[in-house]
Structure formats: structure tokens, C-alpha cells
Amino acid sequence: MIPLTLTSEILQEAKNILEPPAPPVSPIKTIREAKLRTLMSISGTISEEEETKNIFVSGQETKLKSITVIDTKDSVKITLWRNATGFPITLGTYVKMTHLTVHEFNNEKMLNTTQNTHIEMISIQEIKMGKQDESKPFQKAIRANIVTCSPKTNYKNAKKEDKTLYHLALADESGFIKTTCYNDDFYN
């Protein structure tokens, strides 16, 4: 029997096979041209959430939930499978999601989570423009300047309804924050 020497390079290669490194974040629009089963990472704002469902896959009950994530140009439906359905979803939260695979359903490209998917909330602060609601201490009325504002972004939600959003950067003497405004009346 020949002794086997495991070098750090061999161990790293084995680790990369079992847990592939996350691909760089891509704009959502690139999903439309991606090959099926391509591993991708995206970032954007959660704009839709469906109820968790139980379905049967190969005879076993399996949880799934669909969400929609939008960036400045496009939106994509993402199916969260199994443990990923337990991620705390908050509409308007900006997330980075890694290790997603491209698939197609009803001639529409979508993304699926995998066992290696990592979901990271980029900004968990919620801002309420206007009067503070004392029953919700995590919300805070603020007075700030709008430093930047994206152009109005129109998109269709899963129900094919027309929706609008703006990405904002707000600043005051204490610092700045990025947020998303889903209310079309914001500028009216």
C-alpha cells in the first residue's frame, strides 16, 4: 500500500468541491442570459414574499417559499428550499444571496437556493418617514437630507401588478443610511 500525503492544496481543492466559493454578485438582469444550473450570487431588495408551502419531492415532504428580489434594473423570483424557508423575510430589506442556481419554470428564468446558499441582510434598519409610532420602538421618525435618489424604478410583482420604488441615501449630522421607498406618493 502506498501512503497518501494530503497537501494543503489537495485539502483546499476538496473543500472547494464540497463547499464551492461564492461567485461574485451579478446584476439580476444577467440571469436572463445565464445557462441553467449556473451558480450565481445576487443582491437587491426583497419586494414580495409568498406563504411557505409543503410539497412532496421524491416522496418526502419539503418546504418551499418564493420571494422576489429587485435591484435597480430588474427583478427575479427566488425559490427558497428547505432550511432557507426559515430565513426571516422582511419586505424592503436589502439582501445579498450567494450560491443560487438558475432554473426555468413556465419559460421564465428564476433562482433556487442550494444547501450552500448564504443570505445576508445588508441593512436591517427600518425608517418611517413622518410621525413616530410609539407602539413600535424600532421605528424612528427622522429629519434628514436626501443625498441621492435613484430614478423611479417600475416593476411587476408576482401578481403582474405595476409597482414603483426608489433607492435613497439619507444623511444628517450623525451619518447616512441607504433605504428603499416603495410608496409612489413619496414624490407626488
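On a predicted model such as this, the values are computed, not experimentally measured, just so you know.

(A) Molecular detail of the nonpolar core. Among the nonpolar cores identified, the biggest contains 20 residues, and I31, I42, V69, I78, L80, M97 and L111 are the most heavily contacted of them. Residue contributions to this core peak at 4 residues, all from strand β5 (residues 94–105). Not counting chain neighbours up to four residues away, the residues in contact with L80 comprise K63, L64, K65, I67, T85, I89, M97, T113 and I119.

(B) Highlighting the confidence of the model for the protein chain. Confidence in the prediction for the protein chain averages 79 pLDDT; 78% of positions are at 70 or higher. Between the elements of the protein chain, mean pLDDT differs from a low of 68, seen in strand β7 (residues 145–149), to a high of 94, seen in strand β4 (residues 75–81). Every residue in residues 123–140 scores below 50 in pLDDT, and together they form 25 contacts with partners more than four places removed in sequence or on other chains.

(C) Spotlight on the side chain of D71. By the secondary structure assignment, D71 is in the loop between β3 (60–70) and β4. Buried within the structure, D71 lacks any salt-bridge partner; K29 is the closest side chain of opposite charge, at an N-O distance of 8.2 Å. For D71, the side chain forms a polar contact with the main-chain nitrogen of I28, separated by 2.9 Å. If sequence neighbours within four positions are ignored, D71 has contacts with P27, I28, S43, T153 and H167.

Criteria and thresholds
- Residues numbered from 1 in each chain as written.
- Predicted model: local features only at pLDDT ≥ 70, side-chain atom pairs only at ≥ 80, totals over all residues.
- Heavy atoms only, no water.
- Core = buried A, V, L, I, M, F, W, Y, C linked by side-chain atoms within 4.5 Å.
- Buried < 20%, exposed > 50% of the residue type's maximum accessible area, 1.4 Å probe, protein only.
- Helix = DSSP H or I, 4+ residues; strand = E, 2+ residues; numbered from the N terminus.
- Contact = heavy atoms within 4.5 Å.
- pLDDT = per-residue confidence, 0-100.
- Lys, Arg positive; Asp, Glu negative; His and termini not counted.
- Salt bridge = Lys/Arg side-chain N within 4 Å of Asp/Glu carboxyl O.
- Polar contact = N/O pair within 3.5 Å; in protein donor to acceptor, adjacent residues only side chain to side chain.

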